[in-house]
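Breakdown of the fold
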Amino acid sequence: MNNIIDYLDWRGDVTFEQSPLNEVDNYILCKLGCPDYTGLVPRHGGVKLGECVQKYFAERGEKADKLGLMTSAFLLPMLRKLPETARFRDLVIRDFVSRLDPERGEQFSALTIELPGGVRFVTFRGTDDTLVAWKEDFMLGVSAIVPAQQDALDYLEEEAAEFEGDLITGGHSKGGNLAVYAALRARPSTQDRVIAIYNNDGPGFAECPFDEPQYRRIKPRLHTILSQHAIVGTLLWNEPDCEIVRSDRPFLAAHDGFHWEVRGTKFVRCDSFSVASRAFANAMEEIEGEMDMDERREFIESLFSVLESTGAVTLTELTEQGTRQALLMAQTLCKNPRVRAVISKLLSLMLRETVSGVKIPAKEYFHRLTRGEEKVEG
């Protein structure tokens, strides 16, 4: 199966003047915003992509290769290839911002890329592997707005104020949600200049926006791309008119767009979601139906309290020992018996996968969780 790395080999010598932005380019530009460019890309101003990437690897050394558990294994090879391509190396990347605020439960990062023809691509980083970032993702299901969404809106409006041309917004995972939110809530004058919005397998919204005039206004320019095995992209209220693309990996691994099949300038389409994806969506609907909003909030706060009690800051740092410790802490920190039981079962399943490497099918995983069939291991 051919992927984005193959695309760079095929199309790297074709400039944007010769062939305009396409959906594969969109994903590349969205993932370009994953590394930390602090000190390399100014908050107000820009540098050439090729020069910045080369400097990034030269200055970061071994740290350049450590982007966390949630980072695709293909990201850094892609990043190293970009300065070698006529298509990407002379693009200007600018206005980098990165913010992590545990007290607010906020993880946010954005980057803007200048494209030939006077268009700017505003990309929002998706979830990294910090516990703060994952908690914020969970909060999308219980909050009308999370801090990163407000940051995304503010960033888009700032870019619109500083630049008079057309804009594109995009992101992968949570970044896709932020791109849609920013375009949805932007002022009409800004919305009119957003010519495309790319949501690459990002989650939806806690409240359905489909009937809002603002949503109908941006819908013709919205491109929602989901893997055939989509898990994240089927969460909450998301755009039903989506493009389903083929992946060579199942379940959560299919969230990584580097596993999506590429043919020419497009991702290869599928007719429908996989059985596992549909089963997961159905199971999540069952869980959401059994917990009211207050219980969901309590569940999220309690879950991340016990995870943070281990001293872990990232998922990478959450070892087998830390997960066992979290299991024990759940018994004392969680006062609500129902929430305590759900968290204990969830952590028990996490521990089982950590120790044995056994992957439980999505439907069985969540049905066990809600039926109370998992024995808590302490």
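Scope of this entry: the structure provided in the associated data block. (Residues numbered from 1 in each chain as written. Predicted model: local features only at pLDDT ≥ 70, side-chain atom pairs only at ≥ 80, totals over all residues. Heavy atoms only, no water.)

**Topic: the packing of helix H6 (residues 147–162) against helix H7 (residues 174–185)**
Any two packed helices are characterised by the angle at which their axes cross and by the distance between the axes. It is the contact of H6 with H7, at a shortest axis distance of 8 Å, that shows an interaxial angle of 55°. Taken together, the axes of H6 and H7 are oblique relative to one another. As H6 packs across H7, the resulting crossing turns out to be right-handed. Across from Ala-148, Gln-149, Gln-150, Ala-152, Leu-153 and Leu-156 in H6, the residues of H7 making contact are Lys-174, Asn-177, Leu-178, Tyr-181, Ala-182, Ala-183 and Arg-185. Looking at side-chain class alone, the contact of H6 with H7 contains 8 nonpolar, 3 polar and 2 charged residues. (Axes fitted to C-alpha atoms, helices over the stretch in contact; angles between N-to-C directions. Helix = DSSP H or I, 4+ residues; strand = E, 2+ residues; numbered from the N terminus. Parallel < 35°, antiparallel > 145°, perpendicular 65-115°, else oblique. Left-handed = near helix turned anticlockwise from the far one by under 90°. Contact = heavy atoms within 4.5 Å. Nonpolar A, V, L, I, M, F, W, Y, C, P; charged D, E, K, R; others polar.)

**A few points about the sheet that holds strand S6 (residues 194–200)**
Ordered in space as S1-S2-S3-S4-S5-S6-S7-S8, the 8 strands form an open sheet in which the pairing is mixed. Single-partner strands in this sheet number two, and they are strand S1 (46–48) and strand S8 (243–245). If you compare each strand with its neighbour and ignore which way they point, the axes differ by 20° on average. For strand S7 (residues 222–227) and S8, the ladder comprises 3 bridges, and the chain directions are parallel. (Pairing = 2+ DSSP bridges.)

**Focus: the nonpolar core**
Of all hydrophobic cores here, the largest spans 43 residues; its most connected members are Ile-28, Leu-32, Tyr-37, Leu-79, Leu-82, Phe-88 and Phe-267. The set of elements that each furnish at least two residues to this core consists of helix H1 (4–11), helix H2 (23–32), helix H3 (49–60), helix H4 (75–81), strand S2 (92–101), strand S3 (106–115), strand S4 (119–124) and S6. Those residues within four positions of Leu-82 in sequence are excluded, and the remaining contacts are Leu-8, Ile-28, Leu-32, Leu-49, Phe-88 and Arg-89. Counting residues in hydrophobic clusters, the runner-up holds 27 residues, among them Leu-156, Phe-163, Val-180 and Ala-183. (Core = buried A, V, L, I, M, F, W, Y, C linked by side-chain atoms within 4.5 Å. Buried < 20%, exposed > 50% of the residue type's maximum accessible area, 1.4 Å probe, protein only.)

**Quick look at unusual backbone geometry**
For Asp-95, which is not glycine, the phi dihedral falls at a positive 55°. For Asp-95, the location among the structural elements is in strand S2. Unlike most non-glycine residues, Ser-173 shows phi in positive territory, near 60°. What makes Ser-173 buried here is its relative accessible area of 9%.

**Considerations on H6**
Spanning 16 residues, H6 covers 23 Å between terminal C-alpha atoms, matching the ideal 22 Å at 1.5 Å per step. For H6, every residue scored as buried is listed here: Pro-147, Ala-148, Gln-149, Asp-151, Ala-152, Leu-153, Tyr-155, Leu-156, Glu-157, Glu-159 and Ala-160. (Expected span 1.5 Å × (residues − 1).)

**Brief notes about the pattern of salt bridges**
Counting across every chain of the model gives 16 salt bridges. The residue Arg-187 makes a salt bridge to Glu-157 at a minimum N-O spacing of 3.3 Å. Placement of Arg-187 in the loop between H7 and helix H8 (188–191) and of Glu-157 in helix H6 is noted, with a sequence separation of 30 residues between them. Its relative accessible area of 15% is what places Glu-157 among the buried residues. Close ionic contact of Glu-212 with Arg-185 constitutes a salt bridge, the shortest N to O distance being 2.6 Å. Highlighted residues: Glu-212 in the loop between S6 and helix H9 (213–218) and Arg-185 in helix H7, separated in sequence by 27 residues. Judged by its relative accessible area of 21%, Glu-212 is partly exposed. (Salt bridge = Lys/Arg side-chain N within 4 Å of Asp/Glu carboxyl O.)

On their own, these measurements won't tell you what the molecule is for.
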